[in-house]
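# Inside the fold
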Amino acid sequence: MIPEHVGFDEARRAWNLAIDQRPSAVMFPESAQDVATAVLFAREFGQQIAAQGTGHNAGPLGSPENTVLLKTERMRRVTIDPVALIARAEAGVLWLEVVEAAARHGLAALAGSSPDVGVVGYTLGGGMSFLGRKYGLAGNHVRAIELVTADGRLLRADRDSEPDLFWALRGGGNFGVVTAIELELLAITEAYAGILWYPIERDSEVLHAWRELTQGDPPDELTTVGRFLNLPPLPEIPEPVRGKSFVIVEAYHLGNPAPADQLRAPLRALGPVNDAIAAVPMPALSHTHMDPEQPVPSTGDGLMVDQLPAQTLDAFVEVAGAGAQFPLLSVELRHLGGELRRPRPEHRALASLEADYAMFAVGMVPAPELEAPVRAQVQTVKDALAPWAAMHMYLNFAETKRDPATLVPGRPTTGCDGSRGPSIRTTSFGQTTRSRRLTGNKRQRARPHERGTPAQPRSKITTKTRTLNAVVVTALNATTRTCRERLGDRRATHSSARPTRARNPAHAFPDCCIATRK
Ligand SMILES: Cc1cc2nc3c(=O)[nH]c(=O)nc-3n(C[C@H](O)[C@H](O)[C@H](O)COP(=O)(O)OP(=O)(O)OC[C@H]3O[C@@H](n4cnc5c(N)ncnc54)[C@H](O)[C@@H]3O)c2cc1C
């Protein structure tokens with residue numbers, strides 16, 4: 001489709017609705033052969049190619065001018081080989097599709113937190129799963145990659161065939177349009193997972209207890225996340241959590257739950273208002289983190305944190321917790337380490353993550369005017385952690401352009417001159433396909449236990465039929481539908497290149513996607 005076609009605005013739309021991408025054409029290949037035809041077409045007309053599975057990370061792509069956007073969303077076949085323990089996913093397959101197909105055979109994949117992130121984009125970028133501390137990056141569990149190269153050739157890269165290309169594709173940048181990927185599966189049917197919820201006023205004591213858990217040498221089977229959530233005051237959101245803010249600890253554990261329970265005891269002793277940790281089938285893990293399950297307008301960014309001494313956590317709580325000047329929908333610290341941090345000889349370009357924690361902060365941007373304050377608050381959180389930032393930035397959590405030299409840990413920055421350097425700016429397709437990555441309100445606040453804050457009231461939140469996080473997922477989905485309906489009008493104005501009327505963000509969508517805690 002080209003801009004003159006009816007429906008072009010819908011065709012160019014990314015999963016992240018805040019991104020206004022304007023390619024010269026959008027193509028929807030249905031097969032690997034279609035991809036090859038599209039590549040040759042783009043070459044003939046002097047266009048670049050940008051492959052996009054969902055547009056979850058469309059932001060860093062920038063404005064893809066002189067570019068054919070190749071949306072792979074129609075390439076959705078998934079096949080499971082339960083004997084070889086392999087899943088083959090075409091380029092447009094979403095994670096939940098693999099997770100559910102694998103679960104039907106009693107198997108699991110190294111999926112991320114979101115059910116509708118693309119398998120290919122996630123895996124090429126590294127693939128940080130909640131099982132990663134035990135099994136490592138998803139990209140190191142790839143058996144083969146099928147792709148179309150810049151000259152239109154269809155190739156299959158694996159350890160025996162095109163081994164250098166296979167090495168480089170897994171974390172080294174863009175070397176073609178991937179048409180399908182083969183992933184190793186694991187014989188796991190259930191995990192012990194869920195969330196402990198506390199009022200946000202207990203930010204410091206809860207996150208310090210969580211930090212101690214992560215620094216007490218927990219088993220690789222246990223992954224935890226410390227996180228702030230600010231839920232918007234929309235009617236779709238159930239009353240117990242509507243418009244409220246929480247500090248939460250998520251836990252994901254494989255195997256016998258007893259050791260994990262023991263480690264979590266100090267957190268449980270703090271008296272969460274809701275404790276939803278239970279044995280769950282593997283597909284439930286795709287919803288536990290409560291990521292939005294449909295397109296949303298958002299702005300976010302991440303940072304890798306080398307270490308987390310108590311003062312680092314204090315700085316984080318100060319800007320992102322109860323005292324945040326502009327509460328974001330979600331600000332999280334994921335505990336890494338374990339197998340994620342152990343490079344092995346058989347690993348690929350991105351062998352490991354050289355940081356102990358990953359921070360990601362995100363806010364909803366239902367109106368363009370909210371972009372600046374959300375971006376500023378994300379930056380404030382990053383600035384607070386900057387002194388403890390790792391040298392290495394994880395590609396999948398980079399939603400702004402970064403220095404390519406920082407994206408592959410521990411490697412010389414020798415570029416793509418035939419050596420195995422990390423420069424992923426220069427690709428056969430020019431800068432487009434991965435060029436997105438290539439190309440304080442500090443107030444002194446004592447920790448609650450230091451200032452002798454009395455224990456918070458322990459009114460429990462109970463949900464009769466579902467766990468609280470399932471309620472929140474449903475509510476957030478309803479919220480994003482509302483945002484989307486409203487955004488539809490705004491985008492029509494925004495994308496027609498007419499100037500938008502200046503508005504006070506507070507009046508734009510007073511009850512949409514932003515918490516009004518203050
Ligand atoms: C809500 C949410 C939750 C997330 N959770 C996690 C998580 O738990 N762990 C984690 O590691 N990451 C996570 N991410 C980050 C996510 O993995 C990246 O944004 C990833 O790039 C998304 O891939 P995609 O294909 O869905 O997105 P897209 O924006 O479509 O693709 C991202 C990039 O991948 C490349 N790409 C996509 N398809 C192809 C192809 N066919 N051929 C060649 N290159 C291609 C392109 O460079 C493209 O710009 C999350 C992101 C979001 C928004």
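Keep in mind that this is a model prediction, so the values were computed, not measured.

Going through the model one piece at a time under the given rule, you end up with eight aromatic pairs. Seen from their ring centres, Phe360 and Phe397 are 5.3 Å apart, and the 65° between their planes marks the pair as edge-to-face. Of this pair, Phe360 sits in strand E16 (residues 357–364) while Phe397 sits in the loop between helix H11 (371–385) and helix H12 (432–435); the two residues are 37 residues apart in sequence, bridging distant segments of the chain. Residue Phe360 is classed as buried on the basis of its relative accessible area, which comes to 12%. When the centroid spacing of 5.6 Å and the interplanar angle of 50° are considered together, the rings of Tyr394 and Phe397 count as tilted. When its relative accessible area of 0% is taken as the criterion, Tyr394 is described as buried.

This brings us to the sheet that holds strand E5 (residues 86–90). Here we have five strands laid out as an open sheet, ordered E4-E5-E8-E6-E7, and antiparallel in their pairing. With one partner strand each, in any of the chains shown, strand E4 (78–81) and strand E7 (154–158) form the two edges of the open sheet. Ignoring which end each strand starts from, the neighbouring axes of this sheet average 15° apart. As paired elements, E4 and E5 share four bridges and run antiparallel to each other. Directly across from Asp81, in E5, lies its bridge partner Ile86. The sheet contacts of helix H3 (residues 95–103) involve E4, E5 and strand E8 (177–184), and relative to E4 the element is tilted by about 35°.

Another point: the side chain of Thr299. Tracing the sequence through the fold places Thr299 in strand E14 (residues 298–305). Thr299 sits in the buried class, given a relative accessible area of 6%. Only 3.2 Å separates the side chain of Thr299 from the side chain of Glu371, close enough to count as a polar contact. Setting aside residues up to four positions removed in sequence, Thr299 forms contacts with Ala361, Val362, Gly363, Val365, Glu371, Val374, Arg375 and Val378.

Let us now look at the pattern of salt bridges. This structure, assessed with the given rule, holds 28 salt bridges. Residue Asp301 is joined to Arg402 by a salt bridge in which the shortest nitrogen-to-oxygen separation is 2.6 Å. Taken as a pair, Asp301 in strand E14 and Arg402 in the loop between H11 and H12 lie far apart in primary sequence, 101 residues in all. Residue class for Asp301 comes out buried when judged on its relative accessible area of 1%. Assessed through its relative accessible area of 15%, Arg402 is described here as buried. Through salt bridges with shared partners, one network takes in Arg88, Glu146, Arg156, Asp158 and Glu182.

Helix H8 (residues 257–269) packs onto helix H7 (residues 203–214) with a crossing angle of 165° between their chain directions and a minimal axis gap of 9 Å. As summarised for this structure, H7 and H8 are arranged roughly antiparallel, according to the angle between their axes. At the point where H7 passes H8, the crossing takes the right-handed sense. Side by side, H7 and H8 meet where Val206, Ala209, Trp210 and Leu213 of the first sit next to Leu263, Arg264 and Leu267 of the second. For the contact of H7 with H8, the residue count by class is six nonpolar, no polar and one charged.

The next point concerns the pairing of strand E10 (residues 222–230). With nine of nine residues buried, E10 is to be regarded as a mostly interior element. The alternating pattern of E10 places Leu222, Thr224, Gly226, Phe228 and Asn230 on one face and Thr223, Val225, Arg227 and Leu229 on the opposite face, and all of these are buried. The pairing of E10 with strand E11 (residues 245–253) spans nine bridges and is antiparallel. Within E11, the residue paired with Gly226 across the bridge is Val249. The sheet contact formed by E10 and strand E15 (residues 330–335) spans five bridges and is antiparallel. When the sheet's bridge partners are listed, Gly226 is paired in E15 with Leu333.

Another aspect to go through is the packing of H7 against helix H10 (residues 310–320). One way to put it is that H7 packs onto H10 with a least axis distance of 10 Å and a crossing angle of 145°. At the point where H7 passes H10, the crossing takes the right-handed sense. Of the residues in H10, those touching H7 at Asp203, Ser204, Leu207, His208 and Arg211 are Ala310, Leu313, Asp314, Phe316 and Val317. Split by residue class, the contact of H7 with H10 holds five nonpolar, two polar and three charged.

Moving on, we get to H11. For H11, with 15 residues, the first-to-last C-alpha span of 21 Å sits near the 21 Å given by 1.5 Å per residue. Turning to H11, its buried residues are Val374, Gln377, Val378, Thr380, Val381, Lys382, Ala384 and Leu385. Packed against the buried residues of H11 are E14, H10, E15 and E16.

Glancing now at the sheet that holds strand E3 (residues 67–71). The parallel open sheet is built from three strands, whose spatial order is E1-E3-E2. At either margin of the open sheet sits one strand with a lone partner, and together these are strand E1 (25–27) and strand E2 (48–52). Between one strand and the next, the sheet's axes are offset by a mean angle of 25°, whatever the strand orientation. Where E2 lies against E3, five bridges are found, and the strand directions are parallel. Counterpart to Gln52 in the pairing with E3 is Lys71.

Further remarks concern H7. Helix length check: H7, at twelve residues, gives a terminal C-alpha distance of 16 Å against a target of 16 Å (1.5 Å per residue), a fit within 8%. For H7, a buried count of ten out of twelve residues is recorded, marking the element as mostly surrounded by other parts of the structure.

For the rest of this paragraph, the subject is the confidence of the model for the protein. Per-residue pLDDT for the protein has a mean of 82; in total, 79% of the residues score no lower than 70. Taken as a whole, residues 462–466 scores under 50 in pLDDT and shows four contacts with residues more than four places along the chain or in a different chain. Of the regions scoring below 50 in pLDDT, residues 489–518 engages in 69 contacts with residues more than four places distant in sequence or in other chains.

Turning next to the side chain of Arg211. Positionally, Arg211 belongs in helix H7. Of the side chains bearing the opposite charge, Glu212 lies closest to the buried Arg211, which forms no salt bridge; the N-O distance is 4.9 Å. The residues touching Arg211, leaving out its near neighbours within four places in the chain, are Leu308, Pro309, Ala310, Leu313 and Tyr357.

With that out of the way, let us pick up the pairing of E15. The element E15 is extensively covered by neighbouring structure, given that six of its six residues are classed as buried. Pairing between E15 and E16: six bridges, direction antiparallel. When the bridges of E16 are listed, Glu332 appears paired with Phe360.

So, how was this worked out
- Residues numbered from 1 in each chain as written.
- Predicted model: local features only at pLDDT ≥ 70, side-chain atom pairs only at ≥ 80, totals over all residues.
- Heavy atoms only, no water.
- Phe/Tyr/Trp six-rings, centres within 6.5 Å; stacked < 30°, edge-to-face > 60°.
- Helix = DSSP H or I, 4+ residues; strand = E, 2+ residues; numbered from the N terminus.
- Buried < 20%, exposed > 50% of the residue type's maximum accessible area, 1.4 Å probe, protein only.
- Pairing = 2+ DSSP bridges.
- Axes fitted to C-alpha atoms, helices over the stretch in contact; angles between N-to-C directions.
- Contact = heavy atoms within 4.5 Å.
- Polar contact = N/O pair within 3.5 Å; in protein donor to acceptor, adjacent residues only side chain to side chain.
- Salt bridge = Lys/Arg side-chain N within 4 Å of Asp/Glu carboxyl O.
- Parallel < 35°, antiparallel > 145°, perpendicular 65-115°, else oblique.
- Left-handed = near helix turned anticlockwise from the far one by under 90°.
- Nonpolar A, V, L, I, M, F, W, Y, C, P; charged D, E, K, R; others polar.
- Expected span 1.5 Å × (residues − 1).
- pLDDT = per-residue confidence, 0-100.
- Lys, Arg positive; Asp, Glu negative; His and termini not counted.

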